[in-house]
Amino acid sequence: MAKKSTASLPLDQQILQLSRAAEELGKLAAQQGEEASKATVKGLSRLAEGLKGLVDLVSKREEERTNLLALADIGQVVNSSLKLDEVLRIVMDTIVRLTEAERGFLMLKDEEGELSIQVARNWEQESLQPSEFAISSTVVKRVAASGQAVLTTNAQEDPRFGEQESVLAYSLRSILCVPLKVKEELIGVLYADNRVHTALFTEADRDLLDAFANQAAVAIENARLFESVRRTLAEVTDLKTLMDNVFASVASGVLTTDVEEKITLCNQAAERILGHSAQALVGKQLQQALPEITQSLSASLQSVREKDGTVIGLEISPTLPKRGVVDLRFNLSPLRDAQQQAQGIAIVVDDLTEQKRLEAQRRLFERLVSPAVIEQLDPDKLSLGGQQRPITVLFADIRGFTGYSEPLSPEELVAVLNLYLAASAEAVLAQEGTIDKFMGDGIMAWFNAPIPQPDHTMRAVRAALDIRKAFEKLHRQLPAEARLSFGAGIHFGEAVLGLVGTEKRLDYTAIGDSVNTAKRIQEGAAPGQILISEPAYRQVHKAVEAQPLEPLALRGKRQPVKVYEISEIKG
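Only a predicted model underlies this, so the values are computations on that prediction, with no experimental measurement involved.

**Q** It is not clear to me how helix α14 (residues 410–430) should be interpreted in this structure. Could you clarify?
**A** Residues spaced three or four apart along an α-helix point in a common direction, a consequence of the helix completing one turn every 3.6 residues. Taking 1.5 Å per residue, 21 residues should reach 30 Å; α14 reaches 30 Å between its end C-alpha atoms and fits that length. Buried within α14 are the following residues: Val416, Leu417, Tyr420, Leu421, Ala423, Ser424, Ala425, Ala427, Val428 and Leu429. At the exit of α14 stands Glu432, carrying a positive phi of roughly 60°.

**Q** Can you walk me through unusual backbone geometry in this structure?
**A** Backbone phi values are negative for most residues with the exception of glycine, while trans is the configuration of most peptide bonds. In this structure, Glu261 takes a positive phi of about 65° despite not being glycine. With respect to the helices, strands and loops of the structure, Glu261 is situated in the loop between β6 (253–257) and β7 (263–266). For Glu261, a relative accessible area of 17% translates into the label buried. The phi dihedral of Asn448 falls on the positive side, at around 85°, and the residue is not glycine. Position of Asn448 relative to the elements: it lies in the loop between β15 (442–447) and α15 (456–475).

**Q** When you look at the sheet that holds strand β1 (residues 103–109) in this model, what are you seeing that I'm missing?
**A** Sheet strands associate in pairs through backbone hydrogen bonding, adopting either a parallel or an antiparallel arrangement. Strand order in this open sheet of five strands is β2-β1-β5-β4-β3, and the pairing throughout is antiparallel. Only two strands of the sheet have a single neighbouring strand rather than two, namely β2 (115–122) and β3 (150–152). The average angle at which neighbouring strand axes cross in this sheet is 15°, direction not considered. Of the strand pairs in this sheet, β3 and strand β4 (residues 174–182) are connected by three bridges, and their pairing is antiparallel. Note that in β4 the partner of Thr152 across the bridge is Ile175. Packing of helix α3 (residues 84–99) onto the sheet brings it into contact with β1, β2, β4 and β5 (185–194), and relative to β2 it is tilted by some 55°. Packed on one face of the sheet, helix α4 (residues 137–146) meets β1, β2, β3, β4 and β5 and runs near 150° to β5.

**Q** Would you mind going over empty space enclosed by the protein with me for this structure?
**A** Taken as a whole and assessed by the stated rule, the structure comprises two cavities of 30 Å³ or more. Roughly 40 Å³ of internal volume is contained in the largest cavity. Lining the largest cavity are Ala396, Asp397, Ile398, Tyr420, Leu421, Ser424, Asp441, Ile443, Ile467, Phe471 and Phe486. Looking at the lining of the largest cavity, the elements that each hand over two or more residues are β13 (385–399), α14 and α15. When the residues that make up the lining of the largest cavity are grouped by side-chain class, the tally is eight nonpolar, one polar and two charged. Of the volumes computed, that of the second largest cavity is approximately 40 Å³.

**Q** Quick question: what am I supposed to make of the packing of α14 against α15 here?
**A** In a packed pair of helices, the relevant descriptors are the angle between the two axes and the axis-to-axis distance. Interhelical geometry of α14 versus α15 gives an angle of 145° and a closest axis separation of 8 Å. In this structure, the crossing between α14 and α15 has a hand that is right-handed. The segment α14 lies against α15, with Leu419, Tyr420, Ala423, Ser424, Ala427 and Val428 engaging Ala463, Asp466, Ile467, Ala470, Phe471, Leu474 and His475. Its residues placed into classes, the contact of α14 with α15 shows ten nonpolar, two polar and one charged.

**Q** Is there a simple way to explain a nonpolar patch on the surface in this structure?
**A** Together, Leu239, Leu242 and Met243 make up a nonpolar patch on the protein surface, roughly 270 Å² of accessible area in all. Note that Leu239 resides in helix α6 (residues 203–249). Using a relative accessible area of 49% as the deciding quantity, one classes Leu239 as partly exposed.

**Q** How should I be thinking about a negative patch on the surface in this particular structure?
**A** A cluster of acidic residues, Asp110, Glu111, Glu112 and Glu114, forms a negative patch at the surface. Among the structural elements, Asp110 can be located in the loop between β1 and β2.

**Q** Please clarify how the pairing of β7 should be interpreted in this entry.
**A** Consecutive side chains of a regular strand alternate in pointing toward one face of the sheet and then the other. Relative to β7, β6 runs antiparallel, the two sharing three bridges. When the bridges of β7 are listed, Thr257 appears paired with Ile263. Remark: five residues form the turn of the hairpin made by β6 and β7, two consecutive strands paired antiparallel; Glu261 in that turn has positive phi of roughly 65°.

What counts and what doesn't
Residues numbered from 1 in each chain as written. Predicted model: local features only at pLDDT ≥ 70, side-chain atom pairs only at ≥ 80, totals over all residues. Heavy atoms only, no water. Helix = DSSP H or I, 4+ residues; strand = E, 2+ residues; numbered from the N terminus. Expected span 1.5 Å × (residues − 1). Buried < 20%, exposed > 50% of the residue type's maximum accessible area, 1.4 Å probe, protein only. Pairing = 2+ DSSP bridges. Axes fitted to C-alpha atoms, helices over the stretch in contact; angles between N-to-C directions. Contact = heavy atoms within 4.5 Å. 1 Å grid on protein atoms, 1.4 Å probe; cavity = no way out; pocket = protein on both sides within 12 Å on 5 of 7 lines; lining within 4 Å. Points joined across faces, edges and corners; volume = space filled by probe spheres on them. Nonpolar A, V, L, I, M, F, W, Y, C, P; charged D, E, K, R; others polar. Left-handed = near helix turned anticlockwise from the far one by under 90°. Patch = residues over 30% accessible without salt bridge, like charges linked within 9 Å, V, L, I, M, F, W, Y side chains within 5 Å. Areas by Shrake-Rupley, 256 points an atom, 1.4 Å probe, with all protein chains shown as cover. Salt bridge = Lys/Arg side-chain N within 4 Å of Asp/Glu carboxyl O. Lys, Arg positive; Asp, Glu negative; His and termini not counted. Charge placed at Lys NZ, Arg CZ, Asp CG, Glu CD.

Function-wise, these values are silent; they only describe arrangement.
Listed below in structure tokens is the structure:
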């Protein structure tokens, strides 16, 4: 095999070959004669010594160059990841490889400022078990306190550490420990050792590891910051998800605007209430997106902006494109940041449409059933079907109404009819009776249901007398031709009461012979008369003035029914 030319060899090897050549020349000169060659031999010897020194210098520079290249490569490797665990592992494996240590440990300061082992690796790049975490705490503490690297070639004989228990107990010999600093602040230490060989580490290893530690500290700090940012981002994401879930769950609509009144947030409830999707609203001017609402809110919005106050319970009834007329309630308040600087307006909207409808129905129901009775009803216990119970039934109708109505227009007729029926209804409700229905120019009501009333028959009598008084009062207000009379019938007996119909349409009514009997008695009453059956009279005879009348032959009854005419209440 051909020999390589001298020029193709590394510089240190070239110098070494020249040195050897000079030695050979010296030997040759010595063979040529003692006197002639003394000077040549001496010069060649000095040349050989200089060349050897030059070889040492070149070797040192070559080692430094190799270390610099290694640091550059290490920097790339260490900074190739932002995952803290991976960065720590790479740092530790690199230390063991660079120093040829038996073991390597990386320790970082915790929140209390104490150093704790984060990763421990051996020369085979395997993780050590906690039972193998035997290090010189004295060395670590000295590096942490001074911020300077520590190198010992034989800890057993080093006067600084030879007497330490950990050094003796674990037979520690070669130890190299350098600080990890970021901006002159110590964040941890790198520790490498060998429990067998002495003089394993050199000052060059220390300097190299010290330089590497600077890169490693920055990489670790970057990974820590990245981990912190990642956790913060995860927390913010979780918080946003939570807020989105909260906003999606609340029944109230929520809108927010910026200082320019552009909509920045719209939850699902607001979409449903306002009849617009969030996509159609967010980013739009409030006036442009919801003109039918902002027209009514403009004064309040201006007040919130200028006075930095709140507006609570503002109710409006706008006409929305997709929903028609709705009843809405708004709460407006300034939207502030953590420094209490105004960032816009927060708008909370509640849909009162259904509530208003139910309130209207309740008001209507209160015209049929006494409010006192309504307060005692339990909707959860109401069901289709009925129960038999004793009640007092009252029928009353207007006398002479048919003849009176013939020349009147429908509007005039209804106006007068409502006056008399309203007076009758007020008298019944005042006694906490239940109005079953209006039947043309008459009214049907009963007492003792759905709420028990021990004096229910007396209540029916008082209601009938109050109807008569109310009619007399109306007669003083109406023209002579509109002064109509009434007749009333009262009966006490058993009836079946309950809800009849379907789940969508219910009637609370009374059914039975006692209802029919009360109706027939009312039909037999003369204008202005209040007739009461004998069973009902027995309930109230001690409290009323009444005169017995001839028994009435009622349709559907085999025997005439004994009745009494009530004139007034005693005392």
